[in-house]
Amino acid sequence: MAETGTVLRGKFAGVELDALVDWPVVRVWLYWGMFWLMVTPSVGVAISGLFTFPDYLGTGNLELTFGRLRPVHVNGVIFGAFSALFIGECYYLVPRLCGVRVPWPRLGVPMAWLWNVVLAAALISLTVGENHGLEAGELPLFAEIPIFAVVATVTAQFLTTISQRLEPPLYVALWYLIGAFVWTTMNLVLGSFILPYTITGINSAAFHGLYIHYIVGLWLTPAGYVLIYFFLPLSARNPLFSHKLSLVGFWSLALFYPFVGIHHYLFSPIADWAETIAIVTSMLLIIPVWTVLVNFFGTMMGKWHEFGRNLPAKFLITGSIMYLIGCFQGSTEALRSLQQPTHFTDFVISHSHLTVFGTFVVWAMGGLIYVWPRVWGRELWSFRMGNWSFWLITVGISTMGLVLTAGGLQQGFQWMSGVEWLDSLVPMKPYWFVRTLSGISMDVGMSLLVINLMLTALAQPSTERQTVLPPGTQPTGEPAE
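As the structure is a prediction and not an experimental result, all values here were calculated from the model.

Cut-offs and rules
Residues numbered from 1 in each chain as written. Predicted model: local features only at pLDDT ≥ 70, side-chain atom pairs only at ≥ 80, totals over all residues. Heavy atoms only, no water. Salt bridge = Lys/Arg side-chain N within 4 Å of Asp/Glu carboxyl O. Helix = DSSP H or I, 4+ residues; strand = E, 2+ residues; numbered from the N terminus. Buried < 20%, exposed > 50% of the residue type's maximum accessible area, 1.4 Å probe, protein only. Disulfide = S-S within 2.5 Å. Patch = residues over 30% accessible without salt bridge, like charges linked within 9 Å, V, L, I, M, F, W, Y side chains within 5 Å. Areas by Shrake-Rupley, 256 points an atom, 1.4 Å probe, with all protein chains shown as cover. 1 Å grid on protein atoms, 1.4 Å probe; cavity = no way out; pocket = protein on both sides within 12 Å on 5 of 7 lines; lining within 4 Å. Points joined across faces, edges and corners; volume = space filled by probe spheres on them. Lys, Arg positive; Asp, Glu negative; His and termini not counted. Contact = heavy atoms within 4.5 Å. Phe/Tyr/Trp six-rings, centres within 6.5 Å; stacked < 30°, edge-to-face > 60°. Lys NZ or Arg CZ within 6 Å of the ring centre and 35° of its normal. Expected span 1.5 Å × (residues − 1). pLDDT = per-residue confidence, 0-100.

## Examining the pattern of salt bridges
Oppositely charged side chains may form a pair once their charged atoms are brought near each other.
Logical step 1: Across all of its chains, the model carries four salt bridges by this definition.
Logical step 2: As a salt-bridge pair, R96 and D18 come within 2.8 Å of each other at their nearest N and O atoms. Of this pair, R96 sits in helix 3 (residues 66-98) while D18 sits in helix 1 (residues 17-20), placing them 78 residues apart in sequence.
Logical step 3: Its relative accessible area of 10% is what places D18 among the buried residues.

## Thoughts on the state of the cysteines
Logical step 1: Applying the stated criterion to the full structure yields zero disulfides.
Logical step 2: Between C90, a free cysteine, and C98, which holds the nearest cysteine sulfur, the sulfur-to-sulfur gap is 11 Å.
Logical step 3: Not engaged in a disulfide, the cysteine C327 finds its nearest cysteine sulfur in C90; these two sulfurs lie 20 Å apart.
Logical step 4: A relative accessible area of 15% places C327 in the buried class.

## Let's talk about a nonpolar patch on the surface
Logical step 1: A cluster of nonpolar side chains, contributed by F241, V248, V280, L284, I286, I287, W290, V294, M301, I321, L324 and I325, occupies part of the molecular surface with about 980 Å² of accessible area.
Logical step 2: For the nonpolar patch, the elements supplying multiple residues, two or more each, are helix 9 (272-284), helix 10 (286-299) and helix 11 (311-332).
Logical step 3: Relative to the elements of secondary structure, M301 occurs in the loop between helix 10 and helix 11.

## A short note on empty space enclosed by the protein
Logical step 1: Counted according to the given criterion, the structure contains four cavities of 30 Å³ or more.
Logical step 2: Around the largest cavity sit F79, A136, G137, L139, E144, I147, F148, L188, S192 and Y211, which together line it.
Logical step 3: Elements supplying a minimum of two residues to the lining of the largest cavity: helix 5 (141-163) and helix 6 (172-198).
Logical step 4: The biggest single contributor to the lining of the largest cavity is helix 5, with three residues.

## Points about the side chain of K303
Logical step 1: Along the chain, the position of K303 falls in the loop between helix 10 and helix 11.
Logical step 2: This buried residue, K303, is left without a salt bridge; E306 holds the nearest opposite charge, at 4.0 Å.
Logical step 3: Beyond its immediate stretch of four places on either side in the chain, K303 contacts A236, R237 and N238.

## A short note on the side chain of Q414
Logical step 1: Tracing the sequence through the fold places Q414 in helix 14 (residues 383-416).
Logical step 2: Taking the relative accessible area as the measure of exposure, Q414 reaches 16% and is therefore buried.

## Brief notes about the environment of F35
Logical step 1: Along the chain, F35 falls in helix 2 (residues 23-52).
Logical step 2: Given a relative accessible area of 39%, F35 falls into the partly exposed group.
Logical step 3: Taking the C-alpha atoms as reference points, F35 and L20, 15 residues apart in sequence, are found 26 Å from one another.

## Here we look at the packing of aromatic side chains
Logical step 1: For the structure shown, the criterion picks out 42 aromatic pairs.
Logical step 2: Ring geometry for W29 versus W115: centroids 6.0 Å apart, planes at 65°, classification edge-to-face. Of this pair, W29 sits in helix 2 while W115 sits in helix 4 (residues 108-127); the two residues are 86 residues apart in sequence, bridging distant segments of the chain.
Logical step 3: Assessed through its relative accessible area of 0%, W29 is described here as buried.
Logical step 4: Accessibility expressed as a relative area gives 2% for W115, which makes it buried.
Logical step 5: Between F181 and W219, the aromatic rings sit 5.3 Å apart at their centres with planes inclined by 85°, giving edge-to-face as the arrangement. Here F181, found in helix 6, pairs with W219, found in helix 7 (residues 201-236); they are 38 residues apart in sequence, far enough to count as distant.
Logical step 6: Note on W219: relative accessible area 2%, which makes it buried.
Logical step 7: When the ring centre of W376 is taken as origin, the NZ or CZ atom of R27, which lies over that ring, is 5.2 Å away.

## Quick word on helix 9
Logical step 1: Taking 1.5 Å of rise per residue, 13 residues should cover 18 Å, and helix 9 covers 18 Å from first to last C-alpha, within 8% of that figure.
Logical step 2: When we look at burial in helix 9, the residues that qualify are A274, E275, A278, I279, T281 and S282.
Logical step 3: Looking at the packing, one finds that the buried side of helix 9 touches helix 8 (243-256), helix 10, helix 11 and helix 12 (336-342).

## Quick word on the confidence of the model for the chain
Logical step 1: The pLDDT averaged across the chain works out to 92; a share of 94% of its residues lies at or above 70.
Logical step 2: Confidence over residues 463-481 falls short of pLDDT 50; this stretch has 38 contacts with residues more than four positions distant or in other chains.

Okay, structure coming up:
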């Protein structure tokens, strides 16, 4: 996991890691990721305004209704903003960890264009009513086939690279990368080609609970772990706190997460034993959550005094805090006694935003801030603008999580006390208005980040990449005097 300028040993001795990276492939995936960062969260802000001002997008255009735009927001953030950034950053980290180039390099750029152009067409088709009706599985078949093909091909590329690695031991980021891509290749078969066409009734609900949690728990979660396990030690310039803890986290995630999806369907006709297994495994997720968090904060020991000037680490650690809060919400709301006042409320929306955006997208942005200057061989254009981005995003997602949690609990206890549903909407309006303001804060922060990165790319025309050394190092990789 050596950075440019460090002394490599063993079979990595003499290997130029930068020369192994296919920079055009990294660049095009990251460009698309930044594009989706600008677009798809903004759709979320636009539709959140409908809760406070129901008619502000008009009343005669179905394409601008909440039901049409929400799947655009959800799928765009998951498969656009996060996935494009994640895959691009994997094309950077996999060859560096393995010491060999990713095979079939000519496929990288065309696959990036195929994935993202097809996704754009699919999101447009959602606005005109093409929808499978499965959350995070709404995309039409014309998009699901090429997306599956890209995931399967990228999986084959990375598995081949890992099989040819120079050193036998696998760094933990590669464990999670293998899991994320292999599990998701199988899950897309379920969600894209089986569930919408062959499973009906209550079984459809049960399997959809599994599918959507496989997207969150077996794609977003291990993929996010790949990024923070790779970029946090590098940005902090500290070794990983505990390799053993990282493996406990991996195997507990693999063992427990596949069963949790049905916790969304408590008090439903689904068999009680299946619901109980989902509850138990949801609570057991405390094991991977706490092990990885101890690892992340342990990795920062002795480096907290540098934290304020370390933008990638700030994004990564903030995402870890959001992960702790969001996972606490997710596990506790799986309990029957706590699901009564939280189900169908904004409490669940708080949980999903704190985890999907506050954790995984924020981690992807941390990796982006680390990789992008190295793509162009120059320093980040403006630390001050980057810091503003960080605080606008952090304050925004923190406020959104807080107001949705508070509002959701108020909703749930009102319903339990017999308040009519329509009457329960009136006290929610201030919460929803603050939610929209917090979303605007996040969007402004992401816009400033993308502008900063674009200015980084344009700052200094260069025909060859320059080496960007970590602060405080000499060309030998030894700490500066």
